[in-house]
Number of protein chains: 2
Amino acid sequence: MPELRRDPIIGRWVIIATERAKRPDQFAVGKEEERMASGEKCPFCEGNEKMTPAEICAARRPEAKPNTPGWEIRVIPSISPLLVVEGELDRRGRGMYDLMNARGAHEIVIETPLHVKENQIRPEQLAKTFNVYLDRLQDLEQDPRIRYVLIFKNYGNVAGGGHIIHSRSQLIGTPVTPKRVKEELAGTKKYFEYKERCIYCDMIKQERDLGKRVIAENGSFIAINPFASRFPFETWLLPRQHACDFHKTRRELIPDLANLSWEVFGRLSRLLGDFPYNIIFHTAPFRNYRKKGYWETIEQDYHWHIEIMPMLTRVAGFEWGSGFYINPMPPEDACGGLKEVKI
Amino acid sequence: MPELRRDPIIGRWVIIATERAKRPDQFAVGKEEERMASGEKCPFCEGNEKMTPAEICAARRPEAKPNTPGWEIRVIPSISPLLVVEGELDRRGRGMYDLMNARGAHEIVIETPLHVKENQIRPEQLAKTFNVYLDRLQDLEQDPRIRYVLIFKNYGNVAGGGHIIHSRSQLIGTPVTPKRVKEELAGTKKYFEYKERCIYCDMIKQERDLGKRVIAENGSFIAINPFASRFPFETWLLPRQHACDFHKTRRELIPDLANLSWEVFGRLSRLLGDFPYNIIFHTAPFRNYRKKGYWETIEQDYHWHIEIMPMLTRVAGFEWGSGFYINPMPPEDACGGLKEVKI
């Protein structure tokens, strides 16, 4: 059973992922290369459903049976889950240390039956993926043991995406509210207390007035390169109307989100080629478990958004030790470059 | 002039490193490969002093002139500095955003005149490097504009060390106390207020009692794999006697630190081969700029130490979004493996 251990000094959590464990001498450099041999089957392709655990849900032709071909989007449990659904959380101490069982959910959303990358997916298919996220979050919210669901995507080997290109994303439901999420909630709360306005709404206004960091926008969403971008070409997508929960997004807005994502991805790919990246949804925690503090004002303080982080630079000792980031690409120049390319 | 920009939501700082800037289209994947061609000269080797900026200081034979051969350790300004010594800090606002000039210090410590890696350096030479760190920190502390000096090392391309193996480390002096440092200070202060003991001293005691995460120790220092290790084989070196400032370490303790570092590195290299890693010194900020809060009790709360982070796994979307880490190697097993190898 994997364990969740808490660092006693700054309170960060570590998953000791025993399911992925190897012997100490198997970590030696050069022994780790996992590459998809040519001819090897992709477990995410239509027709290879038997290679994965049984699906949780799928968008498929009405006559097609579960775990057979005929689907457009498919959600499966992770093959090597970081958090597992079964068992009790069992929060406990071990001397001065704190730990619990790594209980939660870990699902994979296969975004297309075809063996293609995200930038080859049409907006209509992207919209289906966003709708499946909404379905899954609305379902997971019913489980009072899950406090947060992180939606993310790793693409490319240096971004942790492995060697299989087939477009997919992950959902991880955690039994505690993650530290990074709490930091954002605390920051937005502080701003609201001072200004009586949402900080992201203010940012959208300032960026629209200025224009030089706005890549594109439509009726419901806007794409910017943020002022303090950590990475070259870091891009945020935000709903133009204030809303703290992604999973409560009205379905009629999803096509706008899909169209803007498609445009932004097109521009990034045209400029950067087959670039590695991480995408992370930032949304408010579930309020099925309520407590005082930022929980009370979360609806006014927080504003959900998506962060796209191209991984073209390396995080190294200075970043690890200081929490500072080094970005050799001013976001104004990144935005200029992205707007210029033809898609 | 590079800029320090502050993220308005969670307060992290980003260095917009204009000195390292490229045109937007030069970030495209495949254009970035920087590899040291065979036959190319290493700027850190003895005899190539002309390839670097003029040295700040050096340990050299008394008869040898600055910037000529005959040295054992050499400290130079960074060739592409992230923070620059000249100019004013000029903290200012731009609409809702905050920024300042990237003022500070950025130095490279060349740890040996020979073209070798850290694991090929003898303990006597390592001790000289530690002594040079003490010299530089004691000098930089005199500059009231510098609040913190981070000592770190990047080795191997995936850890940000580039393709030149020549053993070297970096010192970056920052005009603000870094967020990561503040988090540790806040955590140790909270523990002291509750327990009236230093959290690291308690940890050393518990680890020595238990034994299964202690790699080695000598009269003055101890090496452990921490309970909540973020990375496989993460290793911390701590002084056994409570002390908050690395730069006030008594010089007679340095040989013990060098010997333990040498042993730990020998064990890691024997087990992991030519592995990429980051090393980060965690020490208290300078108190040349005093304010209330953790500054008042820092001497009792904080305990300096060194963190060695082998980069054998990749940080990806889940870590970025949650602040959780995933470690497939329980630290007890890592420690067992490290103790078993012959050095």
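Rules used in this analysis
Residues numbered from 1 in each chain as written. Chains lettered and ligands numbered in written order. Predicted model: local features only at pLDDT ≥ 70, side-chain atom pairs only at ≥ 80, totals over all residues. Helix = DSSP H or I, 4+ residues; strand = E, 2+ residues; numbered from the N terminus. Buried ≥ 20, exposed ≤ 12 C-beta atoms within 10 Å, placed from the backbone. Pairing = 2+ DSSP bridges. Core = buried A, V, L, I, M, F, W, Y, C linked by C-beta atoms within 7 Å. Contact = placed C-beta atoms within 7 Å. Axes fitted to C-alpha atoms, helices over the stretch in contact; angles between N-to-C directions. Parallel < 35°, antiparallel > 145°, perpendicular 65-115°, else oblique. Left-handed = near helix turned anticlockwise from the far one by under 90°. pLDDT = per-residue confidence, 0-100. Expected span 1.5 Å × (residues − 1). Least-squares fit on C-alpha atoms with pLDDT ≥ 70 in both.

How should I be thinking about unusual backbone geometry in this particular structure?
Trans is the common state for peptide bonds, and a negative phi is the common state for residues other than glycine. Residue and element names in this part refer to chain A. One non-glycine residue with positive phi stands out, namely Asn67, at about 60°. Along the chain, Asn67 falls in the loop between β3 (57–60) and β4 (71–77). Exposure remark for Asn67: the 16 C-beta atoms within 10 Å place this residue in the partly exposed category.

It is not clear to me how the pairing of strand β7 (residues 105–110) of chain A should be interpreted in this structure. Could you clarify?
On a regular strand, each side chain points to the face opposite its neighbour's, so the side chains alternate between the two faces of the sheet. Residues and elements named next belong to chain A. With respect to burial, β7 is a largely interior element, six of its six residues being buried. Side chains Ala105, Glu107 and Val109 project from β7 onto one buried face, and the interleaved His106, Ile108 and Ile110 project onto a second face that is buried too. Bridge analysis of β4 against β7 gives four bridges, and the strand direction is antiparallel. Considered in β7, the bridge of Val75 is made with Val109. When β7 meets strand β9 (residues 168–174), the two strands line up antiparallel, connected through six bridges. Pairing of His106 across the sheet is with Ile172, part of β9.

Is there a simple way to think about the nonpolar core in this case?
Ile15(A), Leu237(A), Val264(A), Leu268(A) and Tyr277(A) are the most contacted members of the largest nonpolar core, which has 92 residues in total. Among the elements that make up this core, the one with the highest residue count is helix α4 (residues 254–272) of chain A (nine residues). Beyond its immediate chain neighbours, meaning those up to four positions away, Leu268(A) contacts Phe233(A), Phe275(A), Pro310(A) and Leu338(A). Among the nonpolar cores identified, the runner-up in size contains 89 residues, and Ala102(B), Ala105(B), Ile306(B) and Ala334(B) belong to it.

Sorry if this is basic, but what is going on with the packing of helix α1 (residues 123–140) of chain B against helix α4 (residues 254–272) of chain B here?
A pair of packed helices can be characterised by two numbers: the angle between their axes and the separation between those axes. Residues and elements named next belong to chain B. In contact at an axis separation of 8 Å, α1 and α4 are set at 125° when each is read in the N-to-C sense. With respect to their mutual orientation, α1 and α4 come out oblique. Handedness of the α1/α4 crossing: right-handed. Within the contact between the two elements, α1 uses Pro123, Leu126, Ala127, Phe130 and Asn131 and α4 uses Ile254, Pro255, Leu257, Ala258, Asn259, Ser261 and Trp262.

Sorry, what's going on with the confidence of the model for chain A here?
Interpretation of the predicted coordinates at a detailed level should be avoided for regions scoring low in pLDDT. Residue-level pLDDT values for chain A average 91, and 94% of them are 70 or greater. The ipTM for the predicted assembly is 0.90, set against a pTM of 0.93.

Would you mind going over α1(B) with me for this structure?
Given 3.6 residues to a turn, an α-helix orients residues that are three or four positions apart in the same direction. Its 18 residues place the ends of α1(B) 26 Å apart at the C-alpha level, agreeing with the 26 Å of an ideal helix rising 1.5 Å per residue. Tucked inside the fold, the buried residues of α1(B) contact β3 (57–60), β4 (71–77), β7 (105–110), β8 (148–155), β9 (168–174) and α4 of chain B.

How should the interface of chain B and chain A be read in this particular structure?
It is common to give the size of an interface as the accessible area that goes away when the parts come together. Each side of the interface is counted separately: chain B has 80 residues, and chain A has 80 residues. Tallying contributions element by element places helix α2 (residues 179–195) of chain B first for the side of chain B that touches chain A, with six residues. The pairing of strand β15 (residues 325–327) of chain A with strand β2 (residues 13–16) of chain B spans three bridges and is parallel. By the bridge assignment for β2(B), Ile326(A) is matched with Ile15(B).

What exactly am I supposed to notice about the relation of the copies chain B and chain A here?
Between the two chain copies there is a screw-like relation: a rotation about an axis and a shift along it. Rotating chain B by 180° about the axis while translating it 0.0 Å along that axis superimposes it on chain A, leaving an RMSD of 0.0 Å. Here the symmetry operator amounts to a two-fold rotation axis. Considering only C-alpha atoms, the residue of chain B closest to the rotation axis is Val158(B), which sits at 4.3 Å. Comparing interface residues between copies, 100% of those in chain B also lie at the interface in chain A; the contact surface is shared.

Would you explain the sheet that holds strand β1 (residues 3–6) of chain A in this entry?
Through backbone hydrogen bonds, the strands of a sheet pair up, either in parallel or in antiparallel fashion. Read from one edge of the open sheet, five strands run β5(A)-β6(A)-β1(A)-β2(A)-β15(B), paired in mixed fashion. The sheet terminates laterally at β5 (92–94) of chain A together with β15 (325–327) of chain B, the two strands that pair on one side only. Averaged over all pairs of adjacent strands, the angle between strand axes in this sheet comes to 30°, irrespective of strand direction.

Where do I start with the sheet that holds β3(B) in this structure?
Residues and elements named next belong to chain B. Taken together, ten strands build an open sheet; the order of strands is β3-β4-β7-β9-β8-β13-β14-β12-β11-β10 and the sheet is antiparallel. Across the chains shown, the open sheet's two edge strands, defined by having one partner strand only, are β3 and β10 (214–217). Between one strand axis and the next, the sheet turns by 15° as a mean value, whatever way the strands run. Of the pairings in the sheet, the one linking strand β13 (residues 277–282) to strand β14 (residues 305–310) comprises six bridges and is antiparallel in character. Its bridge partner being in β14, Ile279 is matched across the sheet by Ile308. Contacting β3, β4, β7, β8 and β9, α1 crosses the sheet at an angle of about 35° to β4.

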